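# Secondary and tertiary structure notes
Residue-level listing of the chains:
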Amino acid sequence: MKKKAKTKKKKVSRQLAARKSEEAMVEGILEGSPEGVGVAVIRLECGCRKMAAISKEGEPASKVIMYRDSAQSICEECKKDDGDFSRVKEEFIHWVKPEPDEETKRKISQKVLGTHVTH
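An account of the accompanying structure is given in this report. Keep in mind the model is a prediction, meaning the values are calculated, not measured.

### Re the overall build of the protein chain
- For the protein chain, the count of helices and strands is 3 helices and 4 strands.
- Here the analysis covers contacts within the protein chain between residues at least 6 apart in sequence; of these, 48% occur between residues at least 24 apart.
- With an accessible surface of roughly 8,700 Å², the protein chain has 54% of that area assigned to carbon and sulfur atoms.

So this is what it looks like as structure tokens:
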């Protein structure tokens, strides 16, 4: 039972560290992109992430940055396919405060992340 608790604690600890690392990357990207109203964050199945600041027009406001937590480099698969969209696990926009109005956010999100149709 103790081993299970330790394993769960380690997993939670790793997740917290990953979240803090991601937040630090978002802040760094925004610091270098004063015209950015948010940062598009794309999490891939492999654990790598792609991020870029976006302008109020939904255009790139920074270079796309790829990274992987606690790693020297991104994974081999991402090196080959540049983080292909078919391997996207989660995507969202981290908005800068004050956030744009809901309609603007919707338009920017559609332009940056696309639309998803479920069947």
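### Looking at the sheet that holds strand β3 (residues 65-68)
- Spatially, β3-β2-β1-β4 is the arrangement adopted by the 4 strands of the open sheet, whose pairing is antiparallel. What marks the edges here is a single partner per strand, and that holds for β3 and β4 (88-95). Shown here is a sheet whose adjacent strand axes are inclined to one another by a mean of 20°, direction ignored.
- As paired elements, strand β1 (residues 38-44) and strand β2 (residues 48-54) share 6 bridges and run antiparallel to each other. Looking at β2, one finds that Gly38 is bridged to Ile54.

### Details of the side chain of Glu22
- Within the element layout of this structure, Glu22 appears in helix α1 (residues 2-31).
- A polar contact is formed between the side chain of Glu22 and the side chain of Arg43, at a distance of 2.6 Å.
- Once you skip the residues sitting within four places of it in the chain, Glu22 turns out to touch Val41, Arg43, Arg49, Met51, Tyr67 and Phe92.

### Regarding the pairing of β2
- In terms of burial, β2 is a largely internal element, 7 of the 7 residues being buried.
- Residues Cys48, Lys50, Ala52 and Ile54 of β2 are buried on one face, and the alternating residues Arg49, Met51 and Ala53, pointing to the opposite face, are buried as well.
- Here β1 hands over to β2 after 3 residues, with Gly47 in that stretch at a positive phi of 105°.
- Judged from the 4 bridges that link them, β2 and β3 form a sheet pairing that is antiparallel. Paired with Arg49 across the strands is Tyr67, a residue of β3.

What counts and what doesn't
- Within each chain, residues carry numbers counting from 1 in the order of the written sequence.
- Residue-level local features of this predicted model are given only where pLDDT is at least 70; pairs of side-chain atoms are given and counted only at 80 or more, and the full residue set underlies all totals for whole chains, interfaces and linings.
- Heavy atoms from the whole structure form the basis of all side-chain values; hydrogens and water molecules are not counted.
- The helix and strand labels rest on DSSP assignments: H or I over at least four residues marks a helix, E over at least two residues marks a strand, and numbering proceeds from the N terminus.
- Whether two residues touch is decided by their heavy atoms; if any such pair falls within 4.5 Å, the residues are in contact.
- Method for areas: the Shrake-Rupley scheme with a 1.4 Å probe, in which residue coverage is limited to the protein chains shown.
- For two strands to be treated as a pair, DSSP must find at least two bridges joining them.
- As a rule, the C-alpha atoms of each element are fitted with a line to give its axis, helices using only the stretch in contact, and angles between N-to-C directions run from 0 to 180 degrees.
- What qualifies as a polar contact is a pair of N or O atoms within 3.5 Å, subject to a donor-acceptor requirement within protein and to the restriction that residues adjacent in sequence count only when both atoms come from side chains.
- Categorising residues by exposure relies on relative accessible area from a 1.4 Å probe, with only protein chains included: less than 20% of the type maximum marks a residue as buried, more than 50% marks it as exposed, and the intermediate range marks it as partly exposed.

Coordinates in, geometry out; function isn't part of it.
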